[in-house]
Amino acid sequence: MPLYRATLRALGAVVLLASALACGGKKSGDTATAATTITVSGTVTYSRVPLATDANGVPTGLVDSTVAANLKSMPARYAKIRVYQRNDQLNPDGVTKSTAWTLVSSKDDSTYTDANGAYAVTVAKDKPLMVELLSTFDGGGTPVNLIGDPAGINSTVPQSTRLRYAMRKAVDGTAPSGDPTPSALPAGDSVVNFTVGLSDAWWLVDPTLISGYLMGPEGAHPVLETSLSGRTTGTGSRVLAIGDTVASYRNTFGTATPGGVLDLHYAPGVSEPRGSFVEFDHSVYPLAFDYLRQTFHYFGSIQGGPTNDDAWDEGVILPLIARGALYASGSGRTFSIPRAPLFPVGAALADLSPDMARIEGLAGAMAADVLKSPYLADTQGTGLAAPVTDIRDLSGLTSAQITPYAAPALRALAWEIILKANSLTSPGTSTDWAKIDPLAAARLFLAPGRTNSDGLRDSEPLNIYSQVARLKESKTAAEPVDLAAIFTDSTLGALTTPFGMPWPRPTTGPLASFVVNWGTDPNALTTPLAPFTLSMAKAVLVRGSYPNRSEDEVFYSGFNLSADRRYVIGVSISPALAAGSEVDLDLPYIDRSFAFTGAGGTTEALTLPAYRTPPAYHPVRVRLKSPGAIQPDVIVTVSFTPSL
């Protein structure tokens, strides 16, 4: 036994010596990682066609893109980089065969370029590899995918396999024409840059990777062996321009999605009748369901038609992104908003419900804050109310319409707040506007905490008053200015009053609250609730239908419960509704909605819980819906009748 142990010790010494020699005599704290991996790094840039302006800062269209000196080289921020390595197999006959491409396992199987367009990925050094630039962008923790499906948003392909744009290079920087899988064996740390010009071609690829295989409409096929639709032309740097506009928004407001993954469709020659838009109602596009992750994506479309291409138009794209973020900030609140803002970007909408006025008004101002200009331009088409929209312009409103219910008034007010937050005197000049720090007034546009004093619920739906009140909050370490010191009550009063929004907020009258208080434990047998009127007198027609989001089409109320109560809820409608119209009663906290037609009716008996320490608050939203025709005014009476 002693001899056996000695032999083991001697053998161990030999192994240790051999190991030390192989590692070049490294110290015990070193690892072999550096010898088996390399770093692939680089930058991604693109050529942008800038917006031209006159001496007053008014956009005049895009610069002449045929003049190379007019173009700007820009970093492509937060774009997805994926690295693939080829697995080669030595067959018994001595022939080496490529068996599959696999995605290098990095964070989320990928990395994103940073704010300077730079990236770096650590990979094994002993396999041929390829670097892919994919049209997926980090929207602030949630991706924004630019979909290149030639059929656009109405494609019949499921969400998971809709084609995206990709460029690919071997590790030595080569990208032979017609080769979808360029590869080379890296010699060591490597630099692979992508410089994307105006008309450079992209591959259209299925982005889904499952155990080394892509799953597409034709079934499983080896990763990157083929491109399902070949190359596409005419997109060039437009792909990255769209993603970089999303990055500009994200840098100011943090998150550039509507609360989930956003799939924007953009294909050469494809424009939708709705123009550039984002749809927030998942039921409109059932194929938006992601079967891999069992969740819905939000679908949107960017116009790519030959006479109306919005890829360069930040004045079109930024309001779309802003509306989505504003929509997301209202989801899950006490008075969560109806499914979808449906209005065209830039439309001069007055007389909206207060929560919709907040979304439609502030979205344009958020775009202006990022652009450092009150002008939003649609350089080719009519995605905006005009080729150039001045968000300060209230000429489309009557004096009676300049209220907290008017999106243009809120948009113009927000611009004045942006100037004031940046210590600029209104109206300023384009030279002044260039000094704007978009972060200075960013807080104005972000949703506040729960607005009721208990901190557990909102006192009313989010509206312009709840947003302006944010200016009174204490400065955070991340903010460049102390807004509370700037926006005293007297300063706010001078700013807001011309826009129909008296400050401090009135304590009585219609602007004191946008919610009617129905008290505690409503009981139709003892204290009937007061009737109210729903009216389409201020409704607007949008693309052939009525969204039913105007000021008098929506009624907000709420009540407290001292204990669990079982009720039959009744809705009486007078006169009876015409065919095609209904009144919806929503109870957001129990996620129930009831539709009533004709003269109304009642629900089945249901229990409303006192889910927290009583009294528990239940918000109520009642809405007139008549998308096809103007419904005459109706008087509505809601009743809560106790049931055993």
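In every chain, residue numbers begin from 1 and rise along the written sequence. Where totals are concerned, whole chains, interfaces and linings use all residues; where local detail is concerned, this predicted model gives features only for residues with pLDDT of at least 70, and gives and counts side-chain atom pairs only at 80 or more. Calculation of side-chain values draws on the structure's entire complement of heavy atoms; hydrogens and water are dropped beforehand.

K.L.:
So what exactly am I meant to see when it comes to unusual backbone geometry here?
P.N.:
In terms of backbone geometry, most residues other than glycine have negative phi values and most peptide bonds are trans. Each neighbour pair has its own omega, and for Ser426 with Pro427 the value is 0 degrees, a cis peptide bond. Secondary structure elements follow DSSP: runs of H or I no shorter than four residues count as helices, runs of E no shorter than two count as strands, and numbering proceeds from the N terminus. With respect to the helices, strands and loops of the structure, Pro427 is situated in the loop between α6 (407–421) and α7 (430–433). Note the cis peptide between Ser574 and Pro575, where omega equals -10 degrees. Looking at where Pro575 falls in the secondary structure, it is placed in the loop between β30 (565–574) and β31 (582–587).

K.L.:
Would you take a moment to explain helix α3 (residues 238–253) for this structure?
P.N.:
An α-helical segment advances 3.6 residues per turn. Residues three or four places apart therefore align on the same side. If you check α3, its first and last C-alpha atoms are 23 Å apart, about what 16 residues at 1.5 Å a residue would give, namely 22 Å. Categorising residues by exposure relies on relative accessible area from a 1.4 Å probe, with only protein chains included: less than 20% of the type maximum marks a residue as buried, more than 50% marks it as exposed, and the intermediate range marks it as partly exposed. In terms of residue burial, α3 counts as a mostly covered element, since 13 of its 16 residues are buried. Backbone geometry just downstream of α3 places Gly254 in the positive-phi region, at approximately 90 degrees. Helices are assigned an expected span. That span is 1.5 Å times one less than the residue count.

K.L.:
Sorry if this is basic, but what is going on with the packing of aromatic side chains here?
P.N.:
Two descriptors summarise a pair of aromatic rings, namely the distance from one centre to the other and the angle between the planes of the rings. Two rings belonging to Phe, Tyr or Trp (six-membered ring only in the last case) form a pair when the distance between their centres is within 6.5 Å. Interplanar angles under 30 degrees mark stacking, angles over 60 mark edge-to-face geometry, and anything in between is tilted. Summed over all chains, the structure comprises 20 aromatic pairs. Ring geometry for Tyr249 and Phe253: centres 5.0 Å apart, planes at 40 degrees, overall tilted. On the criterion of helical spacing, the pair formed by Tyr249 and Phe253 is a turn pair, its members being four residues apart in helix α3. Like Phe253, Tyr249 is buried. Note on Tyr465 and Trp503: the rings are 6.1 Å apart at their centroids and 20 degrees apart in plane angle, and the pair reads as stacked. A residue pair is termed long-range when its members are at least 10 positions apart, and Tyr465 in helix α8 (residues 464–468) and Trp503 in the loop between α10 (489–496) and β27 (516–520) qualify at 38 residues. By the ring-pair criterion, three or more aromatic residues cluster together here, those being Trp518, Phe532, Phe555, Phe559, Tyr567 and Phe640.

K.L.:
Honestly, the environment of Arg323 in this entry has me stumped. Any pointers?
P.N.:
Structurally, the position occupied by Arg323 is in helix α4 (residues 314–330). Remark: the alpha-carbon pair of Arg323 and Gly361, spanning 38 residues in sequence, is separated by 9.3 Å. Under this definition, polar contacts are N or O atom pairs within 3.5 Å; protein pairs additionally need one hydrogen-donor-capable and one acceptor-capable atom, and for neighbouring residues in sequence, both atoms have to be side-chain atoms. Engagement of the side chain of Arg323 in a polar contact is seen with the side chain of Glu360, the distance being 3.0 Å.

K.L.:
How should I be thinking about the packing of α3 against helix α5 (residues 354–371) in this particular structure?
P.N.:
When two helices pack together, you describe them by how their axes are tilted relative to each other and by the distance separating the axes. All axes here are fitted lines through C-alpha atoms, helices being fitted over the stretch that makes contact, and every angle between N-to-C directions spans 0 to 180 degrees. With their axes 10 Å apart at the nearest point, α3 and α5 run at an angle of 95 degrees to one another. As the angle between them shows, α3 and α5 are arranged roughly perpendicular. In this structure, α3 uses Ser248, Tyr249, Thr252 and Phe253 to contact α5, whose residues at the interface are Met366, Asp369 and Val370. All amino acids are sorted into three groups, where Ala, Val, Leu, Ile, Met, Phe, Trp, Tyr, Cys and Pro are nonpolar, Asp, Glu, Lys and Arg are charged, and the leftover types, Gly among them, are polar. Residue classes in the contact of α3 with α5 are distributed as four nonpolar, two polar and one charged. What sets the label is the angle itself: under 35 degrees gives roughly parallel, over 145 gives roughly antiparallel, 65 to 115 gives roughly perpendicular, and the rest give oblique. By definition in these notes, contact holds between two residues if any of their heavy atoms fall within 4.5 Å.

K.L.:
For this particular structure, what's the right way to read the sheet that holds β31?
P.N.:
Within a sheet, neighbouring strands are paired by backbone hydrogen bonds and run either parallel or antiparallel to one another. Pairing in this open sheet of five strands is mixed, and the strands run β27-β29-β35-β31-β32 from one edge to the other. Each end of this open sheet is capped by a strand with a single partner; those strands are β27 and β32 (592–596). Put simply, the sheet's adjacent strands are angled 20 degrees from each other on average, direction ignored. At least two bridges found by DSSP between two strands is the condition for calling them paired. Pairing geometry for β31 and strand β35 (residues 616–625), over five bridges, is antiparallel. Following the sheet pairing, Asp584 is matched in β35 by Arg623.

K.L.:
Hey, could you run me through the environment of Ala368 in this one?
P.N.:
Mapped onto the elements, Ala368 comes out in helix α5. Ala368 gets classed as buried once you look at its relative accessible area, which sits at 0%. Distance in space between the C-alpha atoms of Ala368 and Glu314 is 9.7 Å, their sequence separation being 54 residues. Beyond its immediate chain neighbours, meaning those up to four positions away, Ala368 contacts Ser373, Pro374, Leu376, Ile391 and Trp415.

K.L.:
Whenever I open this one, the side chain of His297 confuses me. Can you help?
P.N.:
On the secondary structure map, His297 appears in the loop between β21 (295–296) and β22 (298–301). Note on His297: relative accessible area 4%, which makes it buried. Here the side chain of His297 touches Gln159 through a polar contact of 3.0 Å, side chain to side chain. Residues contacting His297, with those up to four places away along its chain left out, are Asn145, Gln159, Val261, Asp263, His282, Ala288 and Asp290.

K.L.:
Help me understand the nonpolar core, please; the structure alone is not making it clear to me.
P.N.:
The nonpolar side chains of a soluble globular protein tend to be buried with one another. Nonpolar core, defined: a set of buried Ala, Val, Leu, Ile, Met, Phe, Trp, Tyr and Cys residues in which side-chain atoms within 4.5 Å join the residues together. One finds Val40, Val131, Leu133, Leu240, Tyr249, Phe445 and Val468 to be the most contacted residues of the largest nonpolar core, which totals 112 residues. Counting residues in each nonpolar core, the second largest holds 29 residues, with Trp518, Ala539, Ile569 and Leu577 among its members.

K.L.:
How should I be thinking about α6 in this particular structure?
P.N.:
Between the first and last C-alpha of α6 there are 21 Å, a value that for 15 residues agrees with the 21 Å anticipated at 1.5 Å per step. Counting buried residues in α6 gives 14 out of 15 residues, a clear majority hidden from the surface. Of the residues one or two after α6, Ser423 is the one with positive phi, at around 60 degrees.

K.L.:
I tried to follow the confidence of the model for the chain on my own but got confused; where do I start?
P.N.:
Regions with low pLDDT carry predicted coordinates that are not meant to be interpreted in detail. Counting all residues, the mean pLDDT for the chain is 87, and 87% of those residues have values of 70 or more. The pLDDT score gives, residue by residue, the confidence of the prediction method on a 0 to 100 scale. In the predicted structure, residues 1–33 sits below a pLDDT of 50 and forms three contacts with residues beyond four places in sequence or in another chain. Under a pLDDT of 50 for its full length, residues 210–229 has, in the predicted model, 50 contacts with residues more than four places off or in other chains.

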